Structure formats: C-alpha cells, structure tokens
Amino acid sequence: LSGAESGCGRGVPCVHQALSHVAGSGWTCRAVLGDGHQRTVRRVAWSPCGSYLASASFDGTTCVWKRQDDGFECVATLEGHENEVKSVAWAPSGSLLATCSRDKSVWVWEVDEEEEYECVSVLNAHTQDVKHVVWHPSQELLASASYDDTVRLYQEEEDDWVCCATLEGHESTVWAVAFEKGGERLASVSDDRTLRIWRRYNPGNQEGVACSGSDPTWKCVCTLSGYHSRTIYDVSWCHLTGALATACGDDAIRVFEESPTLTLHCSASVLRTSVEAEPSRRNRPRVSFSRHMSLMALAVFPVSFLE
Amino acid sequence: RFHSQGYQEGFAEGSRAGVAQGRRVGALHGARVGAEMGCYLGFALTWHCLLRKCTDEKSSKKIKAVDSLIGVIQKFPYEDPTYDKLQEDLEKIRGKFKQVCSLLNIPSDFRIGTDRSSLTF
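Each chain has its residues counted from 1, running along the sequence as written. Here every chain gets a letter starting at A, and every ligand a number starting at 1, in the order they are written. In keeping with the model being predicted, local features are shown solely for residues with a pLDDT of at least 70 and side-chain atom pairs are shown and tallied solely at 80 or more, while totals for entire chains, interfaces and linings include all residues. The side-chain values count all of the structure's non-hydrogen atoms but skip hydrogen atoms and water molecules.

Space inside the largest pocket adds up to approximately 1,300 Å³. Strands are runs of DSSP state E lasting at least 2 residues, helices are runs of H or I lasting at least 4, and numbering of each runs from the N terminus. The set of elements that each furnish at least two residues to the lining of the largest pocket consists of β6 (71–78), β9 (106–111) and β10 (117–123) of chain A together with α1 (2–51), α2 (57–75) and α3 (86–104) of chain B. Each residue is assigned to one class: nonpolar for Ala, Val, Leu, Ile, Met, Phe, Trp, Tyr, Cys and Pro, charged for Asp, Glu, Lys and Arg, and polar for all the others, Gly among them. Per-class residue counts for the lining of the largest pocket are 16 nonpolar, 15 polar and 17 charged. The rule is simple: put a 1 Å grid over the protein atoms alone, call a set of points where a 1.4 Å probe fits but cannot get out a cavity, call an open set with protein on both sides within 12 Å along at least five of seven lines a pocket, and count a residue as lining if it has an atom within 4 Å of a point. Grid points are joined across faces, edges and corners, and a volume is the space filled by probe spheres set on the points.

All names here are of chain A. Note on pairing: DSSP must find at least two bridges between two strands before they are called paired. Judged by pairing direction, the sheet is antiparallel, and its four strands sit side by side in the order β7-β8-β9-β10 without closing on themselves. On the outer flanks of this sheet lie β7 (85–90) and β10, each paired with one strand and no other. Averaged over all pairs of adjacent strands, the angle between their axes in this sheet comes to 20 degrees, without regard to strand direction. Relative to β9, strand β8 (residues 96–101) is paired through five bridges, and the arrangement is antiparallel. Looking at β9, one finds that A98 is bridged to V108. With axes taken as lines fitted to C-alpha atoms, and helix axes fitted only over the stretch in contact, angles between N-to-C directions fall between 0 and 180 degrees.

The subject of this paragraph is the pattern of salt bridges. Residues and elements named next belong to chain A. Should a side-chain nitrogen of Lys or Arg be within 4 Å of a carboxyl oxygen of Asp or Glu, the pair is scored as a salt bridge. One pass over the full model with this rule turns up 17 salt bridges over all chains. Where R39 meets E84, a salt bridge forms, and the shortest distance between an N and an O atom there is 3.7 Å. You can see R39 sitting in the loop between β2 (27–32) and β3 (41–46) and its partner E84 sitting in the loop between β6 and β7, a full 45 residues away along the chain. Under the relative-accessibility criterion, R39 is labelled partly exposed at 41%. To sort residues, take the accessible area from a 1.4 Å probe on protein chains only and compare it with the maximum for the residue type: under 20% means buried, over 50% means exposed, and anything in between is partly exposed.

Looking now at the UniProt feature "domain: Essential protein Yae1 N-terminal" (unreviewed entry) in chain B. UniProt positions are given in the numbering used here, feature names are shortened, and annotations may be inferred rather than shown by experiment. Here, the residues flagged by UniProt with the feature "domain: Essential protein Yae1 N-terminal" (unreviewed entry) are residues 6–44 of chain B. Secondary structure content for residues 6–44 of chain B is 100% helix and 0% strand, while the C-alpha to C-alpha distance between its ends is 56 Å.

Our next topic: unusual backbone geometry. What you tend to see is this: most non-glycine residues have negative phi, and most peptide bonds are trans. Residues and elements named next belong to chain A. Here the phi dihedral of K104 falls at roughly 80 degrees; this positive angle occurs in a residue that is not glycine. In this fold, K104 is placed in the loop between β8 and β9. Residue classification places K104 among the partly exposed positions, given a relative accessible area of 38%. The backbone of E158 shows a phi angle near 55 degrees, a positive value even though the residue is not glycine. Along the chain, E158 turns up in the loop between β13 (151–157) and β14 (160–167).

Now for a negative patch on the surface. There is a patch of like negative charges on the surface, built from E113, E114 and E116 of chain A together with D56 and E57 of chain B. With respect to the helices and strands, E113 of chain A occurs in the loop between β9 and β10. Patch criteria: residues need more than 30% relative accessible area and no salt bridge. Like-charged residues are merged within 9 Å; nonpolar side chains of Val, Leu, Ile, Met, Phe, Trp and Tyr are merged within 5 Å. Surface accessibility follows the Shrake-Rupley procedure with a 1.4 Å probe radius. Residue values consider only the protein chains on display as shielding. Only four residue types enter the charge count, namely Lys and Arg as positive and Asp and Glu as negative; His and the chain termini do not. Here the site of a charge means NZ on Lys, CZ on Arg, CG on Asp, or CD on Glu.

Residue and element names in this part refer to chain A. Across all of its chains, the model carries two cavities of 30 Å³ or more by this definition. In this structure, the second largest cavity encloses a volume near 80 Å³. Mapped onto the lining of the second largest cavity, the elements with two or more residues apiece are β13 and β14. Here the element with the most residues in the lining of the second largest cavity is β13; it accounts for three residues. These domain limits were set by an automatic method or by a database of domain assignments. Among the domains, domain 1 (37–168) and domain 2 (176–279) are the pair contributing at least three residues each to the lining of the second largest cavity.

Moving on: the sheet that holds β6 of chain A. For sheets, the rule is that strands pair by backbone hydrogen bonds, running either parallel or antiparallel. Residue and element names in this part refer to chain A. Taken in spatial order, the four strands line up as β3-β4-β5-β6 in an open sheet, and their pairing is antiparallel. Taken across any chain shown, the strands that pair with only one partner, and hence form the sheet edges, are β3 and β6. Within this sheet the neighbouring strands show an average axis-to-axis angle of 25 degrees, counted without direction. Pairing analysis gives five bridges linking β3 to strand β4 (residues 52–57), with the strands arranged antiparallel. Paired with R43 across the strands is A56, a residue of β4.

Right, let's talk about the interface of chain A and chain B for a bit. We call two residues in contact whenever any of their non-hydrogen atoms come within 4.5 Å of each other. Listed by partner, the interface residues are 14 residues for chain A and eleven residues for chain B. Summed over both partners, the accessible surface that disappears when two parts come together, traced with a 1.4 Å probe, is what is meant by buried area. For the pair chain A and chain B, the two sides together bury roughly 1,000 Å², of which 43% comes from carbon and sulfur. Seen at the junction of chain A and chain B, the total is four salt bridges. K64 of chain B serves as the salt-bridge partner of D159 of chain A, at 2.7 Å between the closest nitrogen and oxygen. Polar contact is the term for a pair of N or O atoms within 3.5 Å; when the atoms are in protein, one must be able to donate a hydrogen and the other to accept it, and sequence-neighboring residues count only if both atoms are side-chain atoms. Counting every contact that joins chain A to chain B gives six residue pairs in polar contact (both at pLDDT 80 or more). A per-class count over the side of chain A that touches chain B returns five nonpolar, two polar and seven charged.

Residue and element names in this part refer to chain A. As a per-residue quantity, pLDDT reports the predictor's confidence and falls between 0 and 100. Of all residues in chain A, 77% have pLDDT values of 70 or greater, and the mean over the chain is 82. Ignoring residues within four places in sequence, the model shows residues 1–10, a span with pLDDT below 50, making 15 contacts including any to other chains. The model gives residues 263–286 a pLDDT under 50, and that stretch makes 61 contacts with residues more than four places away or in other chains.

Below, the structure is given as structure tokens:
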C-alpha cells in the first residue's frame, strides 16, 4: 500500500477527512463505503479534480464514487477483468482510467461528459499478473509493472492503444513504478531488491542512444542494489524535491536523493540515505550505471557493473 | 554391430511416432485456435449486422470497435504457423474481443445467468 493511497482489507474503502484546522489534531472517518465490493479493496485513487474516487477490488470490479454533500455515491462499476484487480490510476487529464489485474491484462477506460465509462482498450502485453499501473504526469502514457519481471509502457497510436516499450532488467516481480515530475525518468522497484531508474531517450538524442524509427527508447541508467534486504513493494518520486522513497519488506522506509554535482547524462546517484545501510551484509551497497556511461561514473564512485 | 543396428531401428521408429504425434498435437492446437478465432469472427460479423442500421453516436463507437475486431481477425495469417508475431497478434485479438464485449455489455465468457455453462477455449 502506498503512502498516498490506502485500502482496507475488509472489502471496504474508508475515506478520512481532517477534523479541524488545529495543527496536530486528528482525522475523522467521514464515510464508509461498504456496499461497493465483495472482496478486498486493493487500491483507491482520487481523480485529478478531486470529485471522484476509484476503488479496485479483488472481486474483479473497479468502482467509481462521486463525492456528494452527504457522502459518496457509486456512479459506475467497471467490469471485465477475469479476476483480482490490483491497481487503478487516473490519467492527469481526468478523462482516462487504467486498471490492471491478475488476469495479466491492463484495461484503459474513457469517461465522457455524462460520466459514462467505456473500455477503449484491453492490453494483453504482460505474460503474468500485473501489479501496478501508473500514468505519466503530463502525457497520456501508461506504465505497468508485473510478476513477469518487466515494466511496460503504453500509448495511443492511430486510434488504438499499444505497448510501445518493454523495460527488461529486473530479475523478479516488479511491484511498483513511479515517474519523475518531468516524466523523462521512471523508477521501478522489485522483488529482486533493487531500485532501478530508467530514462527516456528520444530519436536524435545527443548521447547517441539508438532508437528505432521515431520511437523513444528507455534505458536503465541506474540500479541501486544492496540497500534493501527484502522485496521492495512501493516507490514514490516526490514531484517537489525529486527525492525517491521506497517501502520495503525489511520494515524500513528509505529516502534517496540525487547529488547535484554528479550531473553528466547519468542523472541518478545515491550519496545519502536516511537509513544507514547495514555495513556487514553480503552485498555491499552498490550503485551501477549503464555501460555507455561507465567511464564517467568510474572516476567518481567505485562501481560494479551489471550487464 | 547389432547394438548400432538396433539403435538405428529404434531411432527411426521413434521419429515416425514423433512426427505422427507432432501432427496430432499441431492439428489439435491449430483447431483450438481456429475455433476460438472463428467464434470471435462469427460473433463480430453478427453484431456488425445487428448494429448496421443504428445511426446514433453510441452505436457508431460500437460499430467501429466491431469492425476493428473483424479487421484484425481477417488480417491474421492463418496459413503461417511460423509467423513471428503469432502469439502477440492472438493476444491482440483476444483483447479486442474483450473490449468489444465490454462496449456491448456482454460478458466475454457468454455466461448469462448462473446456471448456464460458460464459453472457454
């Protein structure tokens, strides 16, 4: 469960709201939406305008709730997934919604002015359970993370949604993905205990990264290993400060920050963590950079290379 | 000498049996894919007829999706089992079928009511 959104295990989404304006005062439960789902509610997401709440459930449905004066009303139930819906996310425009499921598919839904939802695409690109979907902060570009060890990106091309990129590199389930504020980089976290940063290279880029035709290429530019001793379940990239936070099965939250001095075209490096990485572990903390940046990186850090 | 002769005879026998089995498995699998795609095509063609006369905007979206499904099924190279995007295109067709069912408000396993059996491949 990410920090910004949460769901309850009892099949009920809870909505909490601040009680008063006094600093440090508590929260009050304003609504209990108990009749929408028949099984665990796995994720909730507010629409960009704040008037709608989407809830994704193991019962295979996604409900959309509209905020009213006296509570919330279910205005739509999106059906179609064959089994547990794992995640739901609103596009920045507010007119698209994405869901993903254990049935290996990602669905894109469109909502019109009359609050009617319709499915615009069913994407079967992943070969296993899809854990997480997230939208690019400003473009209609969708990312998904899966048990098949990949992150996939989707966009609309000629009236149809297609998988436009597959990010391979993780050695186990990818649990979550987060875009940087500018949307040129993406962070992914995995059961393989690494946090990876990927960067988009557009055709004709100055770093000389090859692209096929007019499509951008995404390359893994940084892998952070040895900091997490268990599966990493979630990642969040702060759009204000640029800091990355991870949620890990070893009971710790880690915050990573980027050094302003190590610019280059490899832009991710770790100099400080808010939690001390245990020194005496099998894998000492490593930062590794992709091959084409190797020469620059070597001068600054002792690094080891991952293929 | 008898050993190697026996081996050769066994190998030839095994190869023959293997080819026969391979043919059976291939035919079975091919038939399954054919049945699935044929089902989607029949479904889409029927809905194309049913919706043909509707002129409202909602229906035009449905017709467009149905026609898109027909197109992608008909474009598939059924004669070429070595087509490099075979699995990918089959998954695209399945996805398109599910999207069309969603637009038409039809359960994609055709299960209507709890006592009826559902469609599976």
